[in-house]
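One-letter residues, chain by chain:
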Amino acid sequence: VTCTLNNGIHFVATPECLLGPETRIDQEFELIEHNKLEFTLVIKVRRDPHIAAQFKATTRLPPPPPAPQPAPAARPPSRSGFRSFFQGSSKKPMKAIAPPPPPPPEPVRTLPENLARYLKPDCTLARAFVAFKDIGRFCDTKLFETSYPLIGQKMELGSEPKTLQVGEIILQMFRLPPLPGIPSDQLPQSLEECHRGLRHVQWHKVTYFEGTLTQNGGGCTSWRRRHFRVIGASLIAYNDVTKRAITTIDLKKALAVEDDEVTRNELLSPASAISARTSRYVEFDVPYGVERSFRLIFPNDQEIIFFADTDDEKDKWLEVLRALVGRIPPNPLWAELIWQRQQEMGKQRPDPSASKLSLVSG
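An unreviewed UniProt entry lists the chain under the name PH domain-containing protein, with Phlebiopsis gigantea as the source organism.

(A) Highlighting the overall build of the chain. Assigned secondary structure in the chain consists of eight helices and 13 strands. Looking at the chain as shown, the accessible area adds up to about 25000 Å², and 55% of this sits on carbon and sulfur atoms.

(B) How the structure looks around unusual backbone geometry. The residue aspartate 26 is not glycine, and still its phi comes out positive at about 50 degrees. For aspartate 26, the location among the structural elements is in the loop between strand 2 (11-13) and strand 3 (38-44). In this model, aspartate 301 sits at a positive phi of 60 degrees, which is unusual for a non-glycine residue. For aspartate 301, the location among the structural elements is in the loop between strand 12 (293-298) and strand 13 (302-308).

(C) Layout of the pattern of salt bridges. Per the stated rule, a full pass over the model turns up 20 salt bridges. Of the charged contacts in the structure, one is a salt bridge between arginine 175 and aspartate 140, with a shortest N-O distance of 2.7 Å. Here the residue arginine 175 occupies a position in the loop between strand 6 (162-173) and helix 3 (191-203), and aspartate 140 occupies one in the loop between strand 4 (124-131) and strand 5 (144-154), the gap between them amounting to 35 residues. Relative accessible area serves as the criterion here: at 16%, aspartate 140 is assigned to the buried category. Residue arginine 341 is joined to aspartate 140 by a salt bridge in which the shortest nitrogen-to-oxygen separation is 3.3 Å. Of this pair, arginine 341 sits in helix 7 (residues 333-348) while aspartate 140 sits in the loop between strand 4 and strand 5, and the two are 201 residues apart along the sequence. Take arginine 341: its relative accessible area is 24%, and that puts it in the partly exposed class. Each member of the salt-bridge network shares a partner with another, and the members are Glu33, Asp140, Arg175 and Arg341.

(D) Representation of a nonpolar patch on the surface in the model. Side chains of Val12, Phe29 and Leu31 sit close together on the surface and give an oily, nonpolar patch of about 200 Å² of accessible area. In this structure, phenylalanine 29 sits in the loop between strand 2 and strand 3. For phenylalanine 29, a relative accessible area of 30% translates into the label partly exposed.

(E) Expanded view of the nonpolar core. Core analysis: the biggest nonpolar cluster contains 28 residues, and Tyr148, Ile169 and Met173 have the highest contact counts within it. Those elements that provide at least two residues to this core are strand 1 (2-6), strand 3, helix 1 (49-59), strand 4, strand 5 and strand 6. It is strand 4 that provides the largest number of residues to this core, a total of four residues. What isoleucine 169 contacts, discounting residues up to four positions off in sequence, is Cys3, Ile25, Leu41, Ala128, Thr146, Ser147, Tyr148 and Leu150. Of all hydrophobic cores here, the second largest spans 24 residues; its members include Ile249, Leu251, Phe306 and Trp317.

Criteria and thresholds
Residues numbered from 1 in each chain as written. Predicted model: local features only at pLDDT ≥ 70, side-chain atom pairs only at ≥ 80, totals over all residues. Heavy atoms only, no water. Helix = DSSP H or I, 4+ residues; strand = E, 2+ residues; numbered from the N terminus. Areas by Shrake-Rupley, 256 points an atom, 1.4 Å probe, with all protein chains shown as cover. Salt bridge = Lys/Arg side-chain N within 4 Å of Asp/Glu carboxyl O. Buried < 20%, exposed > 50% of the residue type's maximum accessible area, 1.4 Å probe, protein only. Patch = residues over 30% accessible without salt bridge, like charges linked within 9 Å, V, L, I, M, F, W, Y side chains within 5 Å. Core = buried A, V, L, I, M, F, W, Y, C linked by side-chain atoms within 4.5 Å. Contact = heavy atoms within 4.5 Å.

This is the structure we're talking about:
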């Protein structure tokens, strides 16, 4: 079978797949939304030789058997008038004539139960009708799965085909709202890209860790104690008084996280030579010897140094940062715009609890 989408302008057919009780079509269609967006999905069966044979068996029924002819009635013996006169008035009783046996019942003519009985002449099995206005609000920026009845027909003997539901088709729908300014090549091209982009944007909004660190580098020419939060791919410093973000470090640009204690042990070990990586600590007299310190390494030999208040806090920072650096998923712009749109819609949506409280108080 194939599934053909028809929106009144375009006809797009899927590759053929084997018909069964749980047939998976696994084909995506992309449609441009408008006020009267409607489309049909038509399931059509390939006219293979066995299907053609079924059509012949359905249309060429054996002729009905001929109706049985009634048996001729037995004639009573005739009596002449003279014989009756000479014999007198004595009469002999007449024998009863047995009625003819009833004719055998006519065999019931039925159509063979096969697939062709449910097909139109062009091998169409069924179709489903979808009006986008009925489901648009359910699939806005999210996956919506629903089923539609597949309406077909069944051939009946001596009458018009009977319309009936022959199955159902399950659809997954996703509405991507208009995003002005985003080039078409930067929009998702499949449902999987839509899901992945929305998962990633949610990943970038999660606070994975927070705590206090003392920073040197990255705009800080001296040691500064700050409160930090790891939100998605950003290490954000906040003002202690206003609680507002004052600087953001992009972890996507970081190459590695290094523990200064490990580096210090390598430098102080007489058995190991100073490597090219660690030699610059000595050359530039960078304070690698600060306790509980670690650093983020960026391209072009740039780095930002931090130290924690306790060994336990340092271990947690290292665990979180090492899990992120080099493993940060992309955050597509279209997904970020959708997230902002959802946040704005959430602010505009009235609070149902507030409305209920107002009604009760009134």
